[in-house]
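Each chain is listed here by its residues.
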Amino acid sequence: MSVTWQGNGRDGEARIGSLLTPHGPIPTPTFMPVGTRGTVKTVDAEDLERVGAQMVLANTYHLMLRPGSPTVSGLGELHGFMSWRGPILTDSGGYQVFSLEPDITEEGVAFRSSYDGSRVELTPETAVAVQEELGSDVAMILDVLIGLPASREDTIAAMERTLRWAKRALAAKTRSDRALWGIVQGGSDPDLRSRSAAETAELGFPGFGIGGLSVGETPAARNSAVEAVVPELPADAPRYVMGLGDTEGILDCVERGVDLFDCVLPTRLARHGKVLSRDGDFSMRRAEWADDDRPIDPDCDCVACRRYSRGYIRHLVATKEFLGPRLLSLHNLTYTLDLMKRTRLAIEQGRFQSFKEDVTRRRSDDFPA
Ligand SMILES: [Zn+2]
């Protein structure tokens, strides 16, 4: 079987459902921790199970260069390689490649490997082939990204090329047991967004990424882009805002009918000593935590909060011990996945709006002493 989505209820535009994959069903809306090089930094597969991760994301660009998709395939594809039993989504690598200022032609992109400087080419077809070899449950098409700010002309050109590449990607697909999802582009112009969504949907993809968001646009611009896209997509297809993972952004998008998210934010912030919490996000470096024997968050049941004090974790962060980022990663992932669980429950019980208001208010109030 491939990957399908089944709706289980709605509250306004917010919706719950099950994503059915070859590696089991998972409830949506949900958040995918990012395992860039086949590892979610500082945490292992058992940790991911413990923090409640259901689906993880791996990065095509990094894995095709190191260790290479044939090696991953030989070690049992990504699931065997990472020893992760649940579903995996791979991004196409476009996001990383476009940050390397590649040569872009109608055929594809050519760039210098960030590992050894060698010249590498990626086309819509090879991006599909590499992801099929990696064996991810969901592969994403290679799309065309543009830097911000971008002119309307450049935005249209990137959007139209993404559509042409989407057709080529679909034609290159060979595995019927894996899914390939399209990506909607269109920058911050709602008209272009809705056109991109309608034309990508016409191509018949079973799921849709909404790309080019969470790149510094305002929340209002992001929300209006999502509002322009969602009505153009089939109601029974999963919708995935790529690269978004902050609490307020997730809730804004769930409210507008989005099912899936991914972001490096929980683990990246952890490596910078930052904590995500129901009372707002804060730095573990603050001097006031030095003698504090309370857990980071008394309501959290992650290992960092069950066993260790703020004073201890602050010490680990201040002395750059490896355990500091690890404990904070486990906490920040637990926080984010718990947010998704509470979101699903609120939708199921028809109280998403008041849930969203409560979460947002508590996080914006003064931090409790
Ligand atoms: Zn915790």
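Reading the values: rules and limits
Residues numbered from 1 in each chain as written. Predicted model: local features only at pLDDT ≥ 70, side-chain atom pairs only at ≥ 80, totals over all residues. Heavy atoms only, no water. Donors = N, O, S within 2.8 Å, 3.2 Å for Na, K, Ca; no water. Tetrahedral: all angles 85-135°; square planar, octahedral: opposite > 155°, others 65-115°. Helix = DSSP H or I, 4+ residues; strand = E, 2+ residues; numbered from the N terminus. Buried < 20%, exposed > 50% of the residue type's maximum accessible area, 1.4 Å probe, protein only. Core = buried A, V, L, I, M, F, W, Y, C linked by side-chain atoms within 4.5 Å. Contact = heavy atoms within 4.5 Å. Lys, Arg positive; Asp, Glu negative; His and termini not counted. Salt bridge = Lys/Arg side-chain N within 4 Å of Asp/Glu carboxyl O. Polar contact = N/O pair within 3.5 Å; in protein donor to acceptor, adjacent residues only side chain to side chain. Pairing = 2+ DSSP bridges. Axes fitted to C-alpha atoms, helices over the stretch in contact; angles between N-to-C directions. Nonpolar A, V, L, I, M, F, W, Y, C, P; charged D, E, K, R; others polar.

Student: I'd like a rundown of the coordination of the zinc ion, residues and numbers included.
Tutor: Bound to the zinc ion are the protein donor atoms Cys300 (SG), Cys302 (SG), Cys305 (SG) and His331 (ND1), situated 2.1 to 2.3 Å from the metal. Angles of 99 to 117° at the metal separate the 4 donor atoms of the zinc ion, which places the site in the tetrahedral class. For the zinc ion, the single-chain donor residues occur in sequence as C-x1-C-x2-C-x25-H. Within this pair, whereas Cys302 is found in the loop between strand E16 (282-283) and helix H12 (303-307), its partner His331 is found in helix H14 (residues 323-348), the two being separated by 29 residues in sequence. In terms of burial, Cys302 and His331 fall into one category: buried.

Student: Outline the nonpolar core, listing residues and values.
Tutor: In terms of nonpolar packing, the biggest core is built from 89 residues, with Leu89, Trp181, Tyr240, Val241 and Phe261 touching the most fellow members. For this core, the element with the highest residue contribution is H14, accounting for 7 residues. Residue contacts for Leu89: discarding those within four places in its chain leaves Met32, Met55, Val56, Leu57, Ala58, Ser136, Val138, Met140, Trp181 and Tyr240. Formed by 15 residues, the second largest nonpolar core is a distinct cluster that contains Cys300, Ala304, Cys305 and Leu327.

Student: So, the side chain of Asp262: which residues are in play, and what are the values?
Tutor: If you trace the backbone, Asp262 turns up in strand E14 (residues 260-263). Salt bridges are absent for the buried Asp262, whose nearest opposite-charge side chain, Arg268, sits at 10 Å. A polar contact is formed between the side chain of Asp262 and the backbone nitrogen of Gly243, at a distance of 2.8 Å. Among residues more than four places away in sequence, those in contact with Asp262 are Phe31, Met32, Val34, Leu57, Tyr240, Val241, Met242, Gly243, Leu244 and Gly245.

Student: Can you tell me about the pairing of strand E6 (residues 88-91), naming the residues and giving the values?
Tutor: Moving residue by residue along a regular strand, the side chains alternate between the two faces of the sheet. Burial along E6 is two-sided: Ile88 and Thr90 facing one way and Leu89 and Asp91 facing the other are all buried. Direction of pairing for strand E5 (residues 56-59) relative to E6: parallel, over a ladder of 4 bridges. Looking across to E6, one finds that Asn59 is bridged to Asp91. Both E6 and strand E10 (residues 138-140) contribute to a ladder of 2 bridges, which runs parallel. Within E10, the residue paired with Thr90 across the bridge is Ala139.

Student: Please set out the packing of H14 against helix H15 (residues 352-364) residue by residue, giving values where relevant.
Tutor: Look at H14 against H15: their axes get within 8 Å of each other, and the N-to-C directions meet at 145°. Only Phe352, Phe355, Val359 and Arg363 of H15 make contact with H14, whose side of the interface consists of Tyr335, Leu339, Arg342, Thr343, Ala346 and Ile347. For the contact of H14 with H15, the class distribution of residues is 7 nonpolar, 1 polar and 2 charged.

Student: Account for the sheet that holds E14, with residues named and values stated.
Tutor: Strand order in the closed barrel made by the 8 strands is E4-E5-E6-E10-E11-E12-E13-E14, with parallel pairing throughout. Strand-to-strand twist of the sheet, defined as the mean angle between neighbouring strand axes without regard to direction, takes the value 30°. In the sheet, strand E11 (residues 179-184) pairs with strand E12 (residues 208-210) via 3 bridges, with the strands oriented parallel. By the bridge assignment for E12, Gly182 is matched with Phe208. Here helix H6 (residues 124-134) sits on the sheet in contact with E6, E10 and E11, set at roughly 155° to E6. Sheet strands touched by H14: strand E4 (30-35) and E14. Its angle to E4, the strand with the most contacts, is close to 160°.

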